[in-house]
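So you can see what is in the structure, the chains are spelled out below.
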Amino acid sequence: MKLRAIPSTLVLVDGTDLHHDLIGAALALQEIVTEAGLPAARGVGVHRFADPMPATAEADVYVLYLSGPRFEPAEQQALSDLVAAGKGLVAIHASNLFGFGPGGVEADRAGVELVGSRYLSHGDAGSEGRFDVRVQAGHPVTRHLGDFAIDDEYYLIDCEPDIEVLATRDTSDGPQPIAYVRQHGQGRVCYTALGHDPRAWGNPWFRQLIRQAVLWTAGVPDEDILSWSTRWPLGNGRFIGQ
């Protein structure tokens, strides 16, 4: 029996790619979620959704930081079913690295359709650098944000048609989605391509984006997101609304 009166979050990391710091990501993301006012546990591995233990089954929102083709199709489908039944999902950075394992994209179809995109490449500008994020601020996930600069990896992604883009970066081929949301059955999904390493995790605008994403996917009312998510500074000691 679930005892918590407010939504709870489970931060999950997994992967085989040595270019991503899974332990650092788990610690940083747990801290960010806690800043949003929600209880946050953390764990390793996504082989847990098909037959979930209580810690997994009782979480209201899953925050994924994945890196590598270790997400079995049956587990992808089980997570998809949980979100469709009302759970929230925040997928970060390489958590859309679909189509690189045995079976290609079709083997990962449940994951692609749940998250709403898949990673293609870094593009032609190198693998990482400093760039501007262009924010559309009308949605609860981005309402209190403005455009900001960040040091992070460049991602080009292939998106499903039903996403609502909330932030982009400029490329030689036009705007590239950086963050978006979508509905999945009764559940809510938010994905951001940001979040490669500590340079991003420490960026106050990134942290604000993740806080609001977690609250929105948890079903927290819009008016409460304002009071829950704006208590932390956006650099130089400045708070939202100041």
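Structure first, text after, so check above.
Residues numbered from 1 in each chain as written. Predicted model: local features only at pLDDT ≥ 70, side-chain atom pairs only at ≥ 80, totals over all residues. Heavy atoms only, no water.

**Q** Looking at this structure, how should I read the overall build of the protein chain?
**A** The helix and strand tally for the protein chain stands at eight helices and 11 strands. Taken over the C-alpha trace, the protein chain has a radius of gyration of 17 Å; the compact-globule value for 242 residues is 18 Å, and the two agree within 12%. On the principal axes, the C-alpha backbone points of the protein chain span a range of 50 × 45 × 30 Å. Going through the 242 residues of the protein chain one by one, you find that 53% of them count as buried. In the protein chain, the share of contacts with a sequence separation of at least 24, taken over all contacts with a separation of at least 6, comes to 70%. As presented, the protein chain carries roughly 10300 Å² of accessible surface, and 53% of it is formed by carbon and sulfur atoms. (Helix = DSSP H or I, 4+ residues; strand = E, 2+ residues; numbered from the N terminus. Rg over C-alpha atoms; globule rule 2.2 N^0.38 Å. Buried < 20%, exposed > 50% of the residue type's maximum accessible area, 1.4 Å probe, protein only. Contact = heavy atoms within 4.5 Å. Areas by Shrake-Rupley, 256 points an atom, 1.4 Å probe, with all protein chains shown as cover.)

**Q** When you look at helix α3 (residues 73–84) in this model, what are you seeing that I'm missing?
**A** Since the α-helix packs 3.6 residues into each turn, any two residues three or four apart lie on the same face. Between its first and last C-alpha atoms α3 spans 16 Å; for 12 residues at 1.5 Å apiece the expected length is 16 Å, and the two agree. Along α3, the positions that sit buried rather than exposed are Glu75, Gln76, Ala78, Leu79, Ser80 and Val83. In this structure, the buried side of α3 is in contact with β3 (61–67), β4 (88–92), α4 (104–107), α5 (109–115), β10 (174–184) and β11 (187–192). Where α3 terminates, the next one or two residues include glycine 86, which has phi positive at roughly 130 degrees. (Expected span 1.5 Å × (residues − 1).)

**Q** Mind showing me how you'd approach the sheet that holds strand β9 (residues 164–171) here?
**A** Within a sheet, neighbouring strands are paired by backbone hydrogen bonds and run either parallel or antiparallel to one another. What the nine strands build is an open sheet, ordered β2-β1-β3-β4-β11-β10-β9-β6-β7; its pairing is mixed. Both edges of this open sheet fall to β2 (40–44) and β7 (148–153), since each of them pairs with a single strand only. Taken pair by pair, the neighbouring strands of this sheet meet at an average axis angle of 25 degrees, ignoring direction. Bridging between β9 and β10 involves seven bridges; their strand directions are antiparallel. By the bridge assignment for β10, glutamate 164 is matched with valine 181. Helix-sheet contacts for helix α1 (residues 22–35) involve β1 (9–15), β2, β3 and β4, and the interaxial angle to β1 is about 165 degrees. (Pairing = 2+ DSSP bridges. Axes fitted to C-alpha atoms, helices over the stretch in contact; angles between N-to-C directions.)

**Q** Is there a simple way to explain the nonpolar core in this structure?
**A** A general feature of soluble globular proteins is that nonpolar side chains tend to end up buried together. Counting residues in each nonpolar core, the largest one holds 45 residues, and the members touching the most others are Val63, Tyr65, Val133, Val141, Ile150 and Leu194. Take this core: its biggest share by element is eight residues, from helix α7 (residues 204–217). With 28 residues, the next largest nonpolar core counts Leu10, Leu12, Ala78 and Tyr191 among its residues. (Core = buried A, V, L, I, M, F, W, Y, C linked by side-chain atoms within 4.5 Å.)

**Q** Help me understand the environment of leucine 27 in this model?
**A** Relative to the helices and strands, leucine 27 is located in helix α1. Counting along the chain gives 15 residues from leucine 27 to arginine 42, while the straight-line C-alpha distance between them is 8.0 Å.

**Q** Is there a simple way to explain the pairing of strand β6 (residues 128–135) in this structure?
**A** Sheet faces and side chains relate simply in a regular strand, where the side chains alternate between the two faces. The pairing of β6 with β7 spans six bridges and is antiparallel. Paired with arginine 130 across the strands is aspartate 151, a residue of β7. For β6 and β9, the ladder comprises two bridges, and the chain directions are antiparallel. Bridge assignment links valine 135 to a residue of β9, and that residue is alanine 167.

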